[in-house]
Amino acid sequence: MGDMLDASVDGYEISVGDLTFTHKEGDSPSLSGVNIRLPKGSRTILVGANGAGKSTLLQILAGKRLISSPGTEVRIKGRDVFRQTPDGITFLGTEWAMNPVVRGDIVVSDFLNSVGGYRHKERRDRLLDILDVDLDWHMHQISDGERRRVQLVMGLMGDWDVLLLDEVTVDLDVLVRDDLLTFLKEDSENRGATILYATHIFDGLNNFPTHVAHMHLGTFLMEPTAWPFTSETMGGTSVDLGPKPTLYAVALQWLREDRDRRRALEAQGRKSRGARIETVPSDSETFYKKYDYSH
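As the structure is a prediction and not an experimental result, all values here were calculated from the model.

Asks: Would you take a moment to explain the packing of aromatic side chains for this structure?
Replies: Given two aromatic rings, their pairing is described by the distance between the two centres and the angle made by the two planes. One pass over the full model with this rule turns up three aromatic pairs. Ring plane angle 45° and centroid distance 5.9 Å describe the contact between Phe229 and Trp254, whose orientation is recorded as tilted. Linking Phe229 in the loop between β10 (219-226) and α6 (247-267) with Trp254 in helix α6, this pair joins segments that are 25 residues apart in sequence. The buried category is assigned to Trp254, whose relative accessible area is 1%. These aromatic residues form a ring-pair network of at least three members: Trp227, Phe229 and Trp254. One residue, Arg43, lies across the ring of Phe208, its end atom 5.8 Å from the ring centre. In this structure, Arg191 is placed above the aromatic ring of Trp160, and the distance from its NZ or CZ to the ring centre is 5.0 Å.

Asks: It is not clear to me how helix α4 (residues 144-156) should be interpreted in this structure. Could you clarify?
Replies: A turn of α-helix holds 3.6 residues, and therefore any two residues three or four places apart point the same way. With 13 residues, α4 should reach 18 Å at 1.5 Å per residue; the first-to-last C-alpha distance of 18 Å fits that figure. With ten of 13 residues buried, α4 lies mostly within the body of the structure. Along α4, the residues that are buried comprise Gly145, Arg147, Arg148, Arg149, Val150, Gln151, Leu152, Val153, Gly155 and Leu156. On its buried face, α4 sits against β6 (89-93), α2 (108-114), α3 (121-130), β7 (162-166) and α5 (174-191).

Asks: Would you take a moment to explain a negative patch on the surface for this structure?
Replies: A cluster of acidic residues, Asp129, Asp132, Asp134 and Asp136, forms a negative patch on the protein surface. Looking at the secondary structure, you find Asp134 in the loop between α3 and α4. Here Asp134 falls in the partly exposed class, since its relative accessible area comes to 36%.

Asks: Just checking my understanding: could you explain the sheet that holds strand β2 (residues 31-39) for this structure?
Replies: Neighbouring strands of a sheet are bound in pairs by backbone hydrogen bonds; such pairs are parallel or else antiparallel. One open sheet accounts for four strands, arranged β2-β1-β4-β5; its pairing is antiparallel. Bordering the open sheet on either side are β2 and β5 (79-80), each of which pairs with just one other strand. Sheet analysis places strand β4 (residues 73-76) next to β5, joined by two bridges and oriented antiparallel. Its bridge partner lying in β5, Ile76 is registered against Arg79.

Cut-offs applied
- Residues numbered from 1 in each chain as written.
- Predicted model: local features only at pLDDT ≥ 70, side-chain atom pairs only at ≥ 80, totals over all residues.
- Heavy atoms only, no water.
- Phe/Tyr/Trp six-rings, centres within 6.5 Å; stacked < 30°, edge-to-face > 60°.
- Helix = DSSP H or I, 4+ residues; strand = E, 2+ residues; numbered from the N terminus.
- Buried < 20%, exposed > 50% of the residue type's maximum accessible area, 1.4 Å probe, protein only.
- Lys NZ or Arg CZ within 6 Å of the ring centre and 35° of its normal.
- Expected span 1.5 Å × (residues − 1).
- Contact = heavy atoms within 4.5 Å.
- Patch = residues over 30% accessible without salt bridge, like charges linked within 9 Å, V, L, I, M, F, W, Y side chains within 5 Å.
- Areas by Shrake-Rupley, 256 points an atom, 1.4 Å probe, with all protein chains shown as cover.
- Salt bridge = Lys/Arg side-chain N within 4 Å of Asp/Glu carboxyl O.
- Lys, Arg positive; Asp, Glu negative; His and termini not counted.
- Charge placed at Lys NZ, Arg CZ, Asp CG, Glu CD.
- Pairing = 2+ DSSP bridges.

Listed below in structure tokens is the structure:
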């Protein structure tokens with residue numbers, strides 16, 4: 001866990017202990033035995049394939065999914081996220097841009113003022129410039145990427161202490177994304193703000209994180225570890241990526257190994273993905289009866 005061991009448990013900005021979570025009773029856990037400790041001011045990238053549990057973890061930290069397992073600890077700023085929800089937590093996920101409310105005919109300037117933009121004018125205006133947002137846009141007429149920029153202005157204009165990002169840069173062009181990451185890094189360094197960021201886009205991220213973590217099928221194969229990695233911390237991969245691997249190279253190798261692990265489990269009976277061998281009826285009547293959806 002690198003330099004995180006220097007602090008006491010009470011000093012961590014994000015603290016998760018013995019977290020197991022199942023979406024539906026009887027299903028396999030989406031998260032199992034999760035333990036993480038993140039110091040104030042850290043910027044952690046979560047690496048993992050689709051279905052690794054990244055979004056579920058971020059939603060739990062944001063208090064959006066209730067947990068009831070005895071002995072489980074989920075704290076931010078030293079407070080239980082469900083019973084003593086701390087101020088200053090911002091969660092930004094991809095589902096926001098799909099909400100019919102934010103696709104209505106409302107002008108961006110009015111929308112931002114309706115959520116308190118006038119109270120954060122200095123930061124709001126800086127973000128409007130960074131994200132290249134036109135205040136005269138109508139929300140129902142703009143693209144998903146432009147709508148995402150409005151979401152980011154709305155979510156970041158307040159003085160957040162902990163930022164939970166779930167794939168929200170996926171719609172941004174390369175220039176806007178780079179400017180946004182520069183802003184977030186400076187904000188983190190200047191105010192001691194903490195960022196936990198799940199993404200599948202690793203280009204241009206080398207200088208952003210203080211820590212990187214690896215999730216696979218609901219568990220951490222590598223808990224948040226100081227970035228850039230050393231030869232000792234790179235023991236989590238079977239391939240020598242050199243003395244100074246890029247985050248892209250590390251993520252690509254981790255995901256290859258995750259796929260191999262999953263396929264090995266499938267060979268032992270786990271439900272498999274991909275193409276299946278199916279018996280296709282040879283006579284036309286049986287074939288069309290099988291695919292007749294009119295009844």
